[in-house]
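Observations on the model geometry
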Amino acid sequence: MDAFLTWYRKFSAREQAYLLAVAVVLVLYVMFMLVLKPLAGMRDEMALRNTATEEKLSRVQAMASELKQLKSSGSPRANRNMNQLINASTADVGIRPTRISPNSRGETQIRFENVGFAELLRWLYRIEYGEGIAVKEVAINQGDRGGLVKATIRLGS
């Protein structure tokens, strides 16, 4: 430290002031580059993430309000009797259920005996994607003849 002070004191007062001003500017520049600039970058990144999160929140809120509206309006398919829907849709694809039994959880179990595999799959597709009824469980076994199957299907709302 003494060597620095000796070196510094050999300059005139005016030069010492210039050296001091340069040192202050250099310290401020280093502080800006090492501390403030990274903080500003992190702040900008945080602002972008907040904006993206706000957009996602508004989309979720819009979907939630649409879902509430759809639930409260009660589409005709939702109000339709499940047994009628099953009987009509199976008749349309050319198969007939052996047994239809609703349970206490709001689900319906349907049993098919010796129906065509392709027709059964066509009906399952229609009931789930066309009518919007969830297929909860499917058990398919070989039928009495080739191409025919026995199936037990559980549908939910």
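Above this text is the structure in question.
Keep in mind that what you see is a predicted model, and the values were worked out from it rather than measured.

Moving on: the nonpolar core. Nonpolar side chains in soluble globular proteins tend to end up buried together. In terms of nonpolar packing, the biggest core is built from 18 residues, with Ile95, Phe112, Leu120, Trp123, Ile127, Ile153 and Leu155 touching the most fellow members. Taken together, the elements giving at least two residues each to this core come down to helix H4 (82-93), strand S2 (108-116), helix H5 (117-130) and strand S4 (148-156). Excluding anything up to four places from it in sequence, Ile127 contacts Leu85, Ser89, Gly132, Ile133, Val135 and Leu155.

Now for the sheet that holds strand S1 (residues 99-102). What the 4 strands build is an open sheet, ordered S1-S2-S4-S3; its pairing is antiparallel. The open sheet has two edge strands, S1 and strand S3 (134-142), and neither has a second partner. Taken over all neighbouring pairs, the strand axes of this sheet differ in orientation by 15 degrees on average, direction set aside. Lying on the sheet, H4 is in contact with S1, S2 and S4; it crosses S2 at an angle near 15 degrees. The strands that H5 touches are S2, S3 and S4; relative to S2, the one it contacts most, it runs at about 150 degrees.

The phi torsion at Asn114 lies on the positive side, around 50 degrees, for a residue other than glycine. Among the structural elements, Asn114 can be located in strand S2.

Attention now goes to H4. Look at H4: 17 Å from first C-alpha to last across 12 residues, which is about the 16 Å you get at 1.5 Å a residue. Packing partners of the buried residues in H4 comprise S1, S2, H5 and S4. Of the residues that open H4, the one with a side-chain oxygen 2.9 Å from the backbone nitrogen of Asn83 is Asn81. Positioned one or two residues after H4, Gly94 has a phi angle of 85 degrees, which is positive.

One pass over the full model with this rule turns up 5 aromatic pairs. With 6.2 Å between their ring centres and 20 degrees between their planes, Phe4 and Tyr8 make a pair best called stacked. Of this pair, Phe4 and Tyr8 both sit in helix H1 (residues 2-9), 4 residues apart, which is roughly one turn of that helix. On the basis of an interplanar angle of 65 degrees and a centroid distance of 5.3 Å, the ring pair of Phe112 and Trp123 is categorised as edge-to-face. Taken together, the positions of Phe112 in strand S2 and Trp123 in helix H5 put the pair 11 residues apart, joining distant regions of the chain. Accessibility classification places Phe112 together with Trp123 in one group, the buried group. Through successive ring pairs, a cluster of aromatic residues spans Phe4, Trp7, Tyr8 and Phe11.

Parameters and conventions
- Residues numbered from 1 in each chain as written.
- Predicted model: local features only at pLDDT ≥ 70, side-chain atom pairs only at ≥ 80, totals over all residues.
- Heavy atoms only, no water.
- Core = buried A, V, L, I, M, F, W, Y, C linked by side-chain atoms within 4.5 Å.
- Buried < 20%, exposed > 50% of the residue type's maximum accessible area, 1.4 Å probe, protein only.
- Helix = DSSP H or I, 4+ residues; strand = E, 2+ residues; numbered from the N terminus.
- Contact = heavy atoms within 4.5 Å.
- Pairing = 2+ DSSP bridges.
- Axes fitted to C-alpha atoms, helices over the stretch in contact; angles between N-to-C directions.
- Expected span 1.5 Å × (residues − 1).
- Polar contact = N/O pair within 3.5 Å; in protein donor to acceptor, adjacent residues only side chain to side chain.
- Phe/Tyr/Trp six-rings, centres within 6.5 Å; stacked < 30°, edge-to-face > 60°.

Honestly, it's all geometry; don't read function into it.
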